[in-house]
Amino acid sequence: MLENTAISPQGRPVLQGETLIEARNLPRHVGIIMDGNGRWAAQRGMPRPEGHRAGSRSVRRIVRLARRIGIEALTLYAFSFQNWHRPDDEVSALMALLHDYLLSERREILDNDIRLAAVGNIDKLPEWVRFALDELCKTSASGDRMTLTLALSYGGQEEIVAAARRLAAEVAAGRMRPEDIDLGALSANIPSMRVGEPDLIIRTGGETRLSNFLLFGSAYAELYFCDRLWPDFTEKDLFAAIDSYQRRQRRFGLVLDDG
Ligand code: IPE
Ligand code: IPE
Ligand code: MG
(Lines give C-alpha, C1' and ligand atoms only; values in the text may rest on other atoms or scores of the structure.)
(Ligands and ions follow the chains in the order given, each with its own letter.)
Protein backbone atom coordinates (compact mmCIF):
# COMPACT_ATOMS: atom_id res chain seq x y z
CA MET A 1 0.00 0.00 0.00
CA LEU A 2 2.91 2.29 0.69
CA GLU A 3 3.78 2.37 -2.99
CA ASN A 4 0.54 4.27 -3.48
CA THR A 5 1.56 6.97 -1.06
CA ALA A 6 2.95 10.00 -2.81
CA ILE A 7 3.47 13.68 -2.31
CA SER A 8 1.06 15.59 -4.51
CA PRO A 9 2.13 18.68 -6.51
CA GLN A 10 0.75 20.79 -3.67
CA GLY A 11 3.20 19.10 -1.33
CA ARG A 12 0.56 16.91 0.20
CA PRO A 13 1.11 13.22 0.87
CA VAL A 14 -1.85 11.33 -0.59
CA LEU A 15 -2.98 7.79 -0.01
CA GLN A 16 -4.66 6.13 -2.98
CA GLY A 17 -6.22 9.47 -3.81
CA GLU A 18 -8.62 9.07 -0.88
CA THR A 19 -7.15 10.79 2.12
CA LEU A 20 -5.20 13.98 1.76
CA ILE A 21 -2.94 15.11 4.51
CA GLU A 22 -0.99 18.32 4.48
CA ALA A 23 2.75 17.86 4.64
CA ARG A 24 3.20 21.18 6.43
CA ASN A 25 0.83 20.59 9.34
CA LEU A 26 1.95 17.16 10.46
CA PRO A 27 1.95 16.33 14.16
CA ARG A 28 5.60 16.41 15.18
CA HIS A 29 5.24 13.78 17.89
CA VAL A 30 2.60 11.04 17.72
CA GLY A 31 1.89 8.67 20.60
CA ILE A 32 -0.10 5.47 20.07
CA ILE A 33 -1.87 3.37 22.69
CA MET A 34 -1.91 0.09 20.81
CA ASP A 35 -4.95 -1.57 22.36
CA GLY A 36 -7.21 -4.44 21.37
CA ASN A 37 -4.84 -7.35 20.71
CA GLY A 38 -6.56 -9.64 23.22
CA ARG A 39 -10.02 -8.99 21.82
CA TRP A 40 -8.74 -9.51 18.28
CA ALA A 41 -7.52 -12.97 19.29
CA ALA A 42 -10.68 -13.78 21.27
CA GLN A 43 -12.85 -12.95 18.25
CA ARG A 44 -10.94 -15.62 16.34
CA GLY A 45 -10.94 -18.19 19.13
CA MET A 46 -7.17 -17.82 19.49
CA PRO A 47 -5.09 -17.41 22.64
CA ARG A 48 -4.26 -13.80 23.54
CA PRO A 49 -0.57 -14.05 22.55
CA GLU A 50 -1.70 -14.60 18.96
CA GLY A 51 -3.31 -11.17 19.13
CA HIS A 52 -0.04 -9.69 20.30
CA ARG A 53 1.78 -11.42 17.46
CA ALA A 54 -0.65 -9.91 14.96
CA GLY A 55 -0.21 -6.58 16.75
CA SER A 56 3.51 -6.61 16.14
CA ARG A 57 2.83 -6.76 12.40
CA SER A 58 0.84 -3.52 12.76
CA VAL A 59 3.80 -1.98 14.57
CA ARG A 60 5.98 -2.76 11.56
CA ARG A 61 3.50 -1.18 9.12
CA ILE A 62 2.92 1.95 11.17
CA VAL A 63 6.58 2.61 11.98
CA ARG A 64 7.39 2.39 8.29
CA LEU A 65 4.63 4.78 7.29
CA ALA A 66 5.34 7.29 10.07
CA ARG A 67 8.97 7.44 9.02
CA ARG A 68 8.01 7.81 5.40
CA ILE A 69 5.62 10.72 5.85
CA GLY A 70 8.03 12.62 8.08
CA ILE A 71 6.76 12.20 11.65
CA GLU A 72 9.72 13.22 13.83
CA ALA A 73 8.85 11.24 16.93
CA LEU A 74 6.65 8.19 17.38
CA THR A 75 6.04 6.83 20.88
CA LEU A 76 4.40 3.42 21.08
CA TYR A 77 2.79 2.16 24.28
CA ALA A 78 3.84 -1.47 24.14
CA PHE A 79 3.65 -2.60 27.78
CA SER A 80 2.41 -0.70 30.81
CA PHE A 81 3.73 -0.86 34.34
CA GLN A 82 0.33 -2.29 35.29
CA ASN A 83 0.55 -4.96 32.55
CA TRP A 84 3.06 -6.88 34.73
CA HIS A 85 0.02 -8.07 36.67
CA ARG A 86 -1.33 -10.01 33.70
CA PRO A 87 -1.02 -13.82 33.73
CA ASP A 88 2.58 -15.05 33.58
CA ASP A 89 2.20 -16.80 30.24
CA GLU A 90 0.88 -13.65 28.58
CA VAL A 91 3.72 -11.55 30.03
CA SER A 92 6.26 -14.14 28.84
CA ALA A 93 4.76 -14.16 25.36
CA LEU A 94 4.94 -10.36 25.22
CA MET A 95 8.60 -10.38 26.28
CA ALA A 96 9.43 -12.99 23.63
CA LEU A 97 7.63 -10.94 20.97
CA LEU A 98 9.47 -7.81 22.00
CA HIS A 99 12.75 -9.67 21.70
CA ASP A 100 11.76 -11.01 18.25
CA TYR A 101 10.79 -7.50 17.17
CA LEU A 102 14.15 -6.07 18.21
CA LEU A 103 15.99 -8.72 16.20
CA SER A 104 13.77 -8.75 13.14
CA GLU A 105 13.51 -4.95 12.82
CA ARG A 106 17.16 -4.21 13.49
CA ARG A 107 18.06 -3.81 9.81
CA GLU A 108 14.96 -1.77 9.01
CA ILE A 109 15.61 0.61 11.90
CA LEU A 110 19.27 1.12 11.06
CA ASP A 111 18.79 1.35 7.29
CA ASN A 112 16.09 3.97 7.71
CA ASP A 113 18.03 6.20 10.12
CA ILE A 114 15.53 5.62 12.91
CA ARG A 115 16.75 6.22 16.43
CA LEU A 116 15.29 3.70 18.86
CA ALA A 117 14.71 4.76 22.46
CA ALA A 118 12.84 3.31 25.42
CA VAL A 119 10.99 4.85 28.35
CA GLY A 120 9.64 3.11 31.43
CA ASN A 121 10.97 0.95 34.19
CA ILE A 122 13.34 -0.91 31.89
CA ASP A 123 15.19 -2.59 34.78
CA LYS A 124 12.18 -4.83 35.30
CA LEU A 125 12.51 -6.37 31.82
CA PRO A 126 14.24 -9.76 31.62
CA GLU A 127 17.95 -9.39 31.01
CA TRP A 128 17.90 -11.02 27.56
CA VAL A 129 15.31 -8.48 26.38
CA ARG A 130 17.15 -5.56 27.97
CA PHE A 131 20.36 -6.63 26.31
CA ALA A 132 18.84 -6.57 22.81
CA LEU A 133 17.05 -3.30 23.57
CA ASP A 134 20.15 -1.52 24.91
CA GLU A 135 22.22 -2.73 22.00
CA LEU A 136 19.80 -1.44 19.36
CA CYS A 137 19.26 1.86 21.20
CA LYS A 138 23.02 2.42 21.24
CA THR A 139 23.64 1.29 17.67
CA SER A 140 20.81 3.42 16.29
CA ALA A 141 21.68 6.52 18.37
CA SER A 142 22.78 8.56 15.35
CA GLY A 143 19.50 7.96 13.47
CA ASP A 144 18.11 11.36 12.59
CA ARG A 145 14.99 10.70 10.52
CA MET A 146 12.64 9.65 13.31
CA THR A 147 12.87 8.78 16.99
CA LEU A 148 10.92 5.64 17.75
CA THR A 149 10.33 5.39 21.50
CA LEU A 150 8.97 2.18 22.97
CA ALA A 151 7.10 2.72 26.23
CA LEU A 152 7.89 -0.49 28.09
CA SER A 153 7.03 -1.26 31.68
CA TYR A 154 5.86 2.33 31.45
CA GLY A 155 3.51 4.34 33.63
CA GLY A 156 2.95 8.07 33.36
CA GLN A 157 2.25 8.40 37.09
CA GLU A 158 5.31 6.32 38.00
CA GLU A 159 7.41 8.55 35.74
CA ILE A 160 6.21 11.71 37.53
CA VAL A 161 6.84 10.12 40.96
CA ALA A 162 10.41 9.24 39.94
CA ALA A 163 11.00 12.80 38.72
CA ALA A 164 9.66 14.23 41.99
CA ARG A 165 11.95 11.93 43.93
CA ARG A 166 15.02 13.00 41.92
CA LEU A 167 14.25 16.68 42.40
CA ALA A 168 13.58 16.19 46.13
CA ALA A 169 16.99 14.54 46.43
CA GLU A 170 18.60 17.54 44.71
CA VAL A 171 16.90 19.88 47.18
CA ALA A 172 17.87 17.70 50.15
CA ALA A 173 21.50 17.75 48.95
CA GLY A 174 21.39 21.54 48.75
CA ARG A 175 21.94 21.61 44.98
CA MET A 176 18.52 23.11 44.28
CA ARG A 177 16.03 25.32 46.07
CA PRO A 178 12.34 24.36 46.20
CA GLU A 179 11.54 27.48 44.13
CA ASP A 180 13.85 26.16 41.35
CA ILE A 181 11.36 23.39 40.73
CA ASP A 182 9.36 24.61 37.78
CA LEU A 183 7.92 23.10 34.60
CA GLY A 184 11.34 23.10 32.96
CA ALA A 185 13.01 21.28 35.85
CA LEU A 186 10.22 18.74 36.05
CA SER A 187 10.13 18.12 32.26
CA ALA A 188 13.89 17.66 32.22
CA ASN A 189 13.44 14.77 34.63
CA ILE A 190 10.64 13.08 32.70
CA PRO A 191 12.20 10.70 30.16
CA SER A 192 9.17 10.63 27.83
CA MET A 193 9.59 14.42 27.44
CA ARG A 194 12.99 14.01 25.75
CA VAL A 195 11.18 14.04 22.42
CA GLY A 196 8.84 16.83 23.53
CA GLU A 197 5.11 16.86 24.19
CA PRO A 198 2.99 14.60 22.01
CA ASP A 199 0.86 16.54 19.52
CA LEU A 200 -1.45 13.65 18.76
CA ILE A 201 -2.31 10.61 20.85
CA ILE A 202 -4.11 7.79 19.08
CA ARG A 203 -5.83 4.97 20.96
CA THR A 204 -7.12 1.96 19.10
CA GLY A 205 -9.52 -0.65 20.46
CA GLY A 206 -12.48 1.55 21.34
CA GLU A 207 -11.67 2.60 24.92
CA THR A 208 -11.59 6.34 25.55
CA ARG A 209 -8.96 6.64 28.27
CA LEU A 210 -5.23 7.25 28.55
CA SER A 211 -4.46 4.29 30.83
CA ASN A 212 -1.38 5.99 32.31
CA PHE A 213 0.23 6.97 28.99
CA LEU A 214 2.32 10.17 28.68
CA LEU A 215 0.37 11.92 31.44
CA PHE A 216 2.74 14.85 31.87
CA GLY A 217 3.25 15.62 28.20
CA SER A 218 -0.34 15.12 27.09
CA ALA A 219 -1.57 18.38 28.68
CA TYR A 220 -2.46 19.84 25.27
CA ALA A 221 -2.27 16.75 23.08
CA GLU A 222 -5.05 16.15 20.58
CA LEU A 223 -6.72 12.82 21.34
CA TYR A 224 -7.98 10.46 18.65
CA PHE A 225 -9.89 7.35 19.61
CA CYS A 226 -10.79 4.70 17.08
CA ASP A 227 -12.66 1.42 17.39
CA ARG A 228 -10.30 -0.54 15.18
CA LEU A 229 -8.44 -3.23 17.14
CA TRP A 230 -4.68 -2.71 16.96
CA PRO A 231 -3.89 -5.75 14.75
CA ASP A 232 -6.38 -4.36 12.20
CA PHE A 233 -4.96 -0.81 12.27
CA THR A 234 -3.63 0.04 8.82
CA GLU A 235 -1.89 2.83 6.99
CA LYS A 236 -5.30 4.18 6.06
CA ASP A 237 -6.27 4.47 9.72
CA LEU A 238 -3.12 6.44 10.52
CA PHE A 239 -3.90 8.80 7.66
CA ALA A 240 -7.44 9.22 9.01
CA ALA A 241 -6.06 10.10 12.46
CA ILE A 242 -3.67 12.66 11.01
CA ASP A 243 -6.42 14.06 8.82
CA SER A 244 -8.59 14.53 11.92
CA TYR A 245 -5.68 16.22 13.71
CA GLN A 246 -5.19 18.62 10.84
CA ARG A 247 -8.82 19.73 10.95
CA ARG A 248 -8.58 20.82 14.56
CA GLN A 249 -7.69 24.20 15.96
CA ARG A 250 -5.21 24.01 18.80
CA ARG A 251 -5.65 26.93 21.15
CA PHE A 252 -3.48 26.14 24.20
CA GLY A 253 -5.82 28.18 26.39
CA LEU A 254 -5.60 31.29 24.22
CA VAL A 255 -8.13 33.24 22.19
CA LEU A 256 -7.08 33.12 18.56
CA ASP A 257 -7.71 35.97 16.10
CA ASP A 258 -10.14 34.02 13.97
CA GLY A 259 -12.22 32.70 16.79
C1 IPE B 1 -2.83 -4.11 24.05
O2 IPE B 1 -3.79 -5.08 23.84
C3 IPE B 1 -1.45 -4.69 24.23
C4 IPE B 1 -0.97 -4.66 25.61
C5 IPE B 1 -1.60 -4.12 26.62
C6 IPE B 1 0.30 -5.28 25.88
P7 IPE B 1 -4.56 -5.79 25.01
O8 IPE B 1 -3.81 -7.01 25.39
O9 IPE B 1 -4.83 -4.84 26.13
O10 IPE B 1 -5.91 -6.18 24.28
P11 IPE B 1 -7.37 -6.10 24.87
O12 IPE B 1 -7.60 -4.69 25.33
O13 IPE B 1 -7.45 -7.07 25.99
O14 IPE B 1 -8.24 -6.47 23.72
C1 IPE C 1 -2.95 0.19 27.70
O2 IPE C 1 -3.83 -0.82 27.45
C3 IPE C 1 -1.54 -0.35 27.67
C4 IPE C 1 -1.02 -0.67 26.36
C5 IPE C 1 -1.63 -0.53 25.22
C6 IPE C 1 0.33 -1.17 26.35
P7 IPE C 1 -4.52 -1.68 28.62
O8 IPE C 1 -5.36 -2.69 27.94
O9 IPE C 1 -3.50 -2.19 29.56
O10 IPE C 1 -5.40 -0.59 29.37
P11 IPE C 1 -6.77 -0.74 30.17
O12 IPE C 1 -6.58 -1.87 31.15
O13 IPE C 1 -7.84 -1.05 29.17
O14 IPE C 1 -7.01 0.59 30.81
MG1 MG D 1 -6.36 -3.57 26.52
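Enquirer: Can you explain the site of ligand 2? Please cite residues and give values.
Expert: Taken together, Ile33, Met34, Asp35, Tyr77, Ala78, Phe79, Asn83, Arg86, Arg203, Arg209 and Ser211 make up the full set of residues adjacent to ligand 2. Within the side chain of Asp35, an N or O atom sits 3.2 Å from an oxygen atom of ligand 2. At a separation of 2.8 Å, an oxygen atom of ligand 2 approaches a polar side-chain atom of Arg209. For ligand 2, whose unbound accessible area comes to 390 Å², protein coverage reaches 78%. With three residues, strand S5 (residues 73-80) is the single largest residue contributor to the shell around ligand 2. For the shell around ligand 2, a count of residues per class yields five nonpolar, two polar and four charged.

Enquirer: Break down the packing of aromatic side chains for me, citing the residues and quoting the values.
Expert: Each aromatic ring pair is summarised here by two numbers: the centre-to-centre distance and the angle between the ring planes. The tally for this structure, following the rule as stated, stands at six aromatic pairs. The interplanar angle of 80 degrees and the centroid separation of 6.3 Å between the aromatic rings of Tyr154 and Phe213 together place this pair among those described as edge-to-face. With a gap of 59 residues between them, Tyr154 in strand S7 (residues 146-154) and Phe213 in the loop between strand S8 (200-203) and strand S9 (222-225) connect regions that are remote in the sequence. For the pair formed by Tyr154 and Phe213, the shared burial category is buried.

Enquirer: Before we move on, could you go through the pairing of strand S6 (residues 114-119) and cite the residues and values that matter?
Expert: Every regular strand shows the same layout, with side chains that alternate between the two sheet faces. Bridge count for S6 against S7 is six bridges, and the pairing is parallel. Across the sheet, the residue bridging to Ile114 is Met146, located in S7. Regarding topology, helix H5 (residues 127-139) serves as the crossover connection from S6 to the parallel S7, and that connection is left-handed.

Enquirer: Requested: an account of helix H3 (residues 88-104), with residues and values cited.
Expert: For H3, which comprises 17 residues, the first-to-last C-alpha distance of 24 Å matches the rise-based estimate of 24 Å (1.5 Å per residue) to within 8%. Residues of H3 that are buried: Glu90, Val91, Ala93, Leu94, Met95, Leu97, Leu98, His99, Tyr101 and Leu102. Contacts made by the buried residues of H3 are with helix H2 (48-69), S5, helix H4 (106-111), S6, H5 and S7.

Enquirer: Please provide a residue-by-residue account of the environment of Glu207, values included.
Expert: Relative to the helices and strands, Glu207 is located in the loop between S8 and S9. Those residues in contact with Glu207 that lie beyond four places of it in its chain are Asp35, Arg39 and Phe225.

Enquirer: Talk me through the site of ligand 1; I want residue IDs and the actual numbers.
Expert: Surveying the vicinity of ligand 1 reveals 13 residues, the closest of which are Asp35, Gly38, Arg39, Arg48 and Arg86. Between ligand 1 and Gly36 there is a distance of 3.4 Å, counted from an oxygen atom to a backbone nitrogen or oxygen. Arg48 is positioned with one of its side-chain polar atoms (N or O) 2.9 Å from an oxygen atom of ligand 1. Protein chains shield 87% of the accessible area of ligand 1, which is 370 Å² for the free molecule. For the shell around ligand 1, the elements supplying multiple residues, two or more each, are helix H1 (37-43), H2 and H3. For the shell around ligand 1, the element with the highest residue contribution is H1, accounting for three residues. Split by residue class, the shell around ligand 1 holds three nonpolar, five polar and five charged.

Thresholds, definitions, all that
- Residues numbered from 1 in each chain as written.
- Chains lettered and ligands numbered in written order.
- Predicted model: local features only at pLDDT ≥ 70, side-chain atom pairs only at ≥ 80, totals over all residues.
- Heavy atoms only, no water.
- Near = heavy atom within 4 Å.
- Polar contact = N/O pair within 3.5 Å; in protein donor to acceptor, adjacent residues only side chain to side chain.
- Areas by Shrake-Rupley, 256 points an atom, 1.4 Å probe, with all protein chains shown as cover.
- Helix = DSSP H or I, 4+ residues; strand = E, 2+ residues; numbered from the N terminus.
- Nonpolar A, V, L, I, M, F, W, Y, C, P; charged D, E, K, R; others polar.
- Phe/Tyr/Trp six-rings, centres within 6.5 Å; stacked < 30°, edge-to-face > 60°.
- Buried < 20%, exposed > 50% of the residue type's maximum accessible area, 1.4 Å probe, protein only.
- Pairing = 2+ DSSP bridges.
- Right-handed = clockwise from strand over helix to strand, strands pointing away.
- Expected span 1.5 Å × (residues − 1).
- Contact = heavy atoms within 4.5 Å.

The values reported here are purely geometric and, on their own, carry no functional implication.
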